[in-house]
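As a plain string of letters, each chain reads:
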Amino acid sequence: MRVGFHIPIRGGFVQAVDRAVRTGCEAFQIFSRSPRAWAGKPLDPQEVNDFRKARKEAKLTPLAVHLPYLPNLATNSPGLREKSVRLLSEELTRAERLGADFLVAHPGHVPKGESREPAIMRVAQSVVEVLSAQANDLNVTLLLENTSGQQAELGASLSELAQMYEAIMNQTSHGLRVGVCLDTAHAWGAGYDLARPRGQEEMLAEFDRVLGMENLSLIHFNDSLAALGSRRDRHSAIGQGQIGARGLARLVRHSALEHLAGLMETPRETEENDLANMARVKRWRRNRKPRDRVSKSKS
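Values in this document were obtained by computation on a predicted structure and should not be read as measured data.

Visitor: Can you help me understand the layout of surface pockets in this one?
Guide: Empty space among the atoms becomes visible once a probe the size of a water molecule is rolled across them. If you add up the space inside the largest pocket, you get close to 740 Å³. Lining the largest pocket we find 31 residues, and of these Arg36, His66, Tyr69, His106 and Asp233 sit closest to its centre. Here the lining of the largest pocket is built from residues that sort into 12 nonpolar, 12 polar and 7 charged.

Structure follows, in structure tokens:
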């Protein structure tokens, strides 16, 4: 597994590459704008060129861009849906210009008093609307991220993510670039016991059964301060949370995940903390042990 961090873009995109290199990243993730704002500063062509060149020289791959937190693709509000779809479209374009491999998006929240099925369908409709309009212009893949399920979030269960994915595929006659980003802390909060080998194998087998492991494109490699099944999303330093060192070490060495990138979204304190987290994960990775591959049966 290639490992990296979510890197701040404070000071500019090229500085983000410098931070990624200093902290030992092999891959990385960024926001292309403030994660808590609808409007974003236009990308500067020269800065984009410098960023792409710096990233290529640093051999950092893949690159993921994370969608800001404000959009709700599941909303039943016409105004919020319009803004959410527009921002998703803008971010796909920005991610493409930056040379990103992936754009990671949270599916959204179920409106109060409504059942989950209509909200799932609206997520699919929003994704199809945006991707169908840009399909010929994009190399970036949109990844739906699993959630912990707090505040009526969609996507806490793998079966719910599978419903969204199937609905997206059923609404289009041509292939769209869509996959899944699996966040380990979110999965833990949703009730998947990743601290135990059996829990990990059960989750991966379920993923393959309902989504297909070929659709797993990225790992958010996070530990959690929250209790198992608490529906809370609280990240910790790697190996110091509830999933713990043994659980995460097994995941980073798991043969079913070894071709993916694992990007850490640790609480940002100092660069020394990042270096310690990175050293810990690379040490686990070096201590490789044979791992059984998850079954490919979808029965």
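The discussion continues.
Visitor: For this particular structure, what's the right way to read the packing of aromatic side chains?
Guide: Aromatic rings in a pair are described by how distant their centres are and how their planes are angled relative to each other. Under the criterion given, the structure shown has 3 aromatic pairs. Measuring from ring centre to ring centre gives 6.2 Å for Phe28 and Phe51, while their planes differ by 55 degrees; the resulting arrangement is tilted. Here the residue Phe28 occupies a position in strand 2 (residues 27-30), and Phe51 occupies one in helix 2 (residues 45-58), the gap between them amounting to 23 residues. With a centroid separation of 5.5 Å and 80 degrees between ring planes, the pair formed by Phe31 and Tyr69 is classed as edge-to-face. Of this pair, Phe31 sits in the loop between strand 2 and helix 2 while Tyr69 sits in the loop between strand 3 (63-66) and helix 3 (78-98); the two residues are 38 residues apart in sequence, bridging distant segments of the chain. Through pairs of rings, three or more aromatic residues link up here, namely Phe13, Phe28 and Phe51.

Visitor: In this structure, what is going on with the side chain of Asn146? I would like to understand it.
Guide: Along the chain, Asn146 turns up in the loop between strand 5 (141-145) and helix 5 (158-170). There is a polar contact of 2.6 Å between the side chain of Asn146 and the backbone nitrogen of Asp183. With residues near it in sequence (within four places) discarded, Asn146 still touches Gly155, Leu161, Cys181, Leu182, Asp183, His186 and Ala187.

Visitor: Help me understand the sheet that holds strand 1 (residues 2-6) in this model?
Guide: Sheet strands pair via backbone hydrogen bonds, and the direction of the pair is either parallel or antiparallel. Pairing is parallel in the closed barrel, where 8 strands are placed in the order 1-2-3-4-5-6-7-10. Taking each pair of neighbouring strands and ignoring which way they run, the sheet shows an average axis angle of 30 degrees. Pairing between strand 3 and strand 4 (residues 102-105): 3 bridges, direction parallel. Across the sheet, residue Ala64 finds its bridge partner in strand 4, namely Phe102. Contacting strand 1 and strand 10 (261-264), helix 9 (residues 271-286) runs over the sheet at an angle of about 160 degrees to strand 1.

Conventions we followed
- Residues numbered from 1 in each chain as written.
- Predicted model: local features only at pLDDT ≥ 70, side-chain atom pairs only at ≥ 80, totals over all residues.
- Heavy atoms only, no water.
- 1 Å grid on protein atoms, 1.4 Å probe; cavity = no way out; pocket = protein on both sides within 12 Å on 5 of 7 lines; lining within 4 Å.
- Points joined across faces, edges and corners; volume = space filled by probe spheres on them.
- Nonpolar A, V, L, I, M, F, W, Y, C, P; charged D, E, K, R; others polar.
- Phe/Tyr/Trp six-rings, centres within 6.5 Å; stacked < 30°, edge-to-face > 60°.
- Helix = DSSP H or I, 4+ residues; strand = E, 2+ residues; numbered from the N terminus.
- Polar contact = N/O pair within 3.5 Å; in protein donor to acceptor, adjacent residues only side chain to side chain.
- Contact = heavy atoms within 4.5 Å.
- Pairing = 2+ DSSP bridges.
- Axes fitted to C-alpha atoms, helices over the stretch in contact; angles between N-to-C directions.

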